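Now for the letters of each chain:
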Amino acid sequence: MRFDPAWLDTDPLPQLIGGRESREGPARPILDPSTGTSPGSYAEATPEEVEAAISAARRSFDGGEWRRLPGARRAEVLEAAAVAIRADAQRLAALEALDTGKAIGGALTNDVYEAANAFSYAAALARTLHGDVRRSSFPPELLPGGGPEVLTMRLGEPAGVVAELLPWNGPLMTGGQRIAMALAAGCSIVAKPPADAVISVVELGRLLTRCGLPEGVLNVVLGPGSTVGEQLIRDPRIDLISLTGGVDTGRHVMEVAARNLTPVHLELGGKSPVVVFADADLDEAAGWAMMAAFVNMGEVCVAGSRLLVESSVYQEVVRRVAEAAAGLPIGDALDPGTFIGPLINERHADRVRGFVDRAIKGSDAQLVGDPQLPEGLQPTYVPPTVLGGVRAGSEIEQQEVFGPVLAALPFSCEEEAVALANGTQYGLNGTVFTRDLERAFRMAGLLDCGEVNINCHFAPDMNGGRGEPRKASGHSRTGIDAYLRTKAVNIRL
């Protein structure tokens, strides 16, 4: 048995509105990309259900039952959620693998782990949330003798009702991080998971309800962005829109939000460079480069999808990465031995294959090695693919593929490495491998991105250690700050 059917305990999966489950809309199939079968369905939200969810969130925030709770009390609910996620880790990981194609081993050790950590971290922030105080005097030019002193308190207040639009590549992890921070801040939320991956966010909403979250504080609505998402971003009762998704979607959300002057936080795409200098530990660099490109099948916004290697070691590093990629186990996402599972759906897999085909046919790149898939797999699978000799400025070097495809380019000097690394529209993160400490700090300052990794790729603390994206990668504050507004209170002494 691949998974316990009882783990999908309702069919169809419901909306969660005001603490209650609702199934008024049509049932849509949940697709398992590993097998092409449908293990269940979800109810698509009707316009009336979306309206009810927004109203429930608005009532809960304006009523203040959650936002006015002392931070220590909010922390109790958030920590209880962390404990509950850890206790249910195997089921949640299996459901995430079933829904997204994410390998269950990675879902268990990364996604579930990070979601639980997000709630523990949020609990700590809720307990310790504070502002700052500064003292000043009116200047003599304004009042003779300087006048009275003023004490200014700057306080963090919850941003209000948040529309949280989540991605399909990691709905449990990303949803856990975003929802935990918003709840720690005292916000109320209407969350919309992606239409291709709804299960884990519904389960997260149910779990938080069981842990004591008041009715209406977290609402979950299901369905496509073109209808459900559109209704959310157009509603003037939404105080903040938070999107994790693609660049085109981000542009559209900003245009619509501007009509109501609704603030928008965007974490969008990336084409992150992994820069390897000749003095680096090449074994470590190749291992990290392989992981950066192919973890979660490359369906990661911070994937290291461009490998820039100093010319003198370029062939050796690219060969090592391709050999490591060729040995990655490919198969059913629910098999604990799998590293490369299916992509989210066949449409996206075709898109990824199209990038590779155009690059090779257009002489913009050459295939390194002979990437192959085991027989009998669904068309949702794409093998980990390394492309060498990539032409700078070509589509494969510039555009986010969001699949298991690595574009490798040589460079001759540090200046060229910086120019290549910064030479796309994206600015999410970058990685540098070198033993030269001065060069490491120099490169960190020169890379035009929100986060730089030195001799590693992924941040060890995905909750408190994130940088802010730049350029077409979006713009957003990170952590709890994304869900707070600053109020200044000036007191004459």
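Higher on the page you've got the structure.
In this text, all values refer to a predicted model and were calculated from it rather than measured experimentally.

### Some points on the packing of aromatic side chains
The way to describe two aromatic rings as a pair is by their centre distance and the angle between their planes. Counted by the stated rule, this structure contains two aromatic pairs. Aromatic side chains Trp 168 and Phe 402 sit 5.4 Å apart centroid to centroid with 85° between the ring planes, which places their arrangement in the edge-to-face category. Of the two residues, Trp 168 sits in the loop between β7 (161–165) and α5 (171–185) while Phe 402 sits in the loop between α12 (395–398) and β16 (405–411), which places them 234 residues apart along the sequence. With 5.2 Å between their ring centres and 75° between their planes, Phe 277 and Phe 411 make a pair best called edge-to-face. Placement of the pair is Phe 277 in the loop between β12 (273–276) and α9 (282–294) and Phe 411 in strand β16, with a sequence separation of 134 residues. Comparing Phe 277 with Phe 411 shows no difference in burial state: the two are buried. One residue, Arg 67, lies across the ring of Phe 61, its end atom 4.6 Å from the ring centre.

### Here we look at the side chain of Glu 267
Within the secondary structure, Glu 267 sits in strand β11 (residues 264–267). At 3.2 Å, the side chain of Glu 267 and the side chain of Arg 178 are in polar contact. At a separation of 3.3 Å, a polar atom in the side chain of Glu 267 contacts the side chain of Arg 466. Leaving out residues up to four positions away in the same chain, Glu 267 has contacts with Arg 178, Leu 243, Thr 244, Gly 245, Cys 301, Leu 428, Arg 466 and Ser 473.

### Concerning the state of the cysteines
By the definition in use, this model includes zero disulfides. Summary of cysteine pairing: Cys 413 is not part of a disulfide, and the nearest cysteine sulfur, belonging to Cys 449, is at 19 Å. Exposure remark for Cys 413: the relative accessible area of 30% places this residue in the partly exposed category. Sulfur of Cys 456: no disulfide; nearest cysteine sulfur belongs to Cys 449 and is 13 Å away.

### A word on the sheet that holds strand β5 (residues 132–137)
Spatial ordering of the open sheet is given by β5-β6-β22, a layout of three strands whose pairing is antiparallel. Lying at the two open borders of the sheet, with one neighbouring strand each, are β5 and β22 (484–492). When strand polarity is set aside, the average angle formed by the axes of neighbouring strands in this sheet is 25°. The pairing of β5 with strand β6 (residues 149–158) spans six bridges and is antiparallel.

### A closer look at the nonpolar core
Ranked by size, the top nonpolar core spans 64 residues in total, and within it Ile 85, Phe 119, Ile 179, Leu 183, Leu 208 and Tyr 483 carry the most contacts. Sorting the residues of this core by element identifies α2 (71–87), α3 (89–100), α4 (104–128), α5, β8 (188–192), α6 (199–210) and β9 (218–220) as the ones contributing at least two each. With residues up to four places along the chain from it excluded, the contact list for Tyr 483 reads Glu 157, Pro 158, Ala 159, Val 162, Glu 164, Arg 178, Met 181, Ala 182, Ala 185, Cys 187, Leu 240 and Ser 242. If you look at the next biggest cluster of nonpolar residues, it comprises 56 residues, including Val 313, Val 317, Leu 343 and Leu 387.

Cut-offs used in this document
- Residues numbered from 1 in each chain as written.
- Predicted model: local features only at pLDDT ≥ 70, side-chain atom pairs only at ≥ 80, totals over all residues.
- Heavy atoms only, no water.
- Phe/Tyr/Trp six-rings, centres within 6.5 Å; stacked < 30°, edge-to-face > 60°.
- Helix = DSSP H or I, 4+ residues; strand = E, 2+ residues; numbered from the N terminus.
- Buried < 20%, exposed > 50% of the residue type's maximum accessible area, 1.4 Å probe, protein only.
- Lys NZ or Arg CZ within 6 Å of the ring centre and 35° of its normal.
- Polar contact = N/O pair within 3.5 Å; in protein donor to acceptor, adjacent residues only side chain to side chain.
- Contact = heavy atoms within 4.5 Å.
- Disulfide = S-S within 2.5 Å.
- Pairing = 2+ DSSP bridges.
- Axes fitted to C-alpha atoms, helices over the stretch in contact; angles between N-to-C directions.
- Core = buried A, V, L, I, M, F, W, Y, C linked by side-chain atoms within 4.5 Å.

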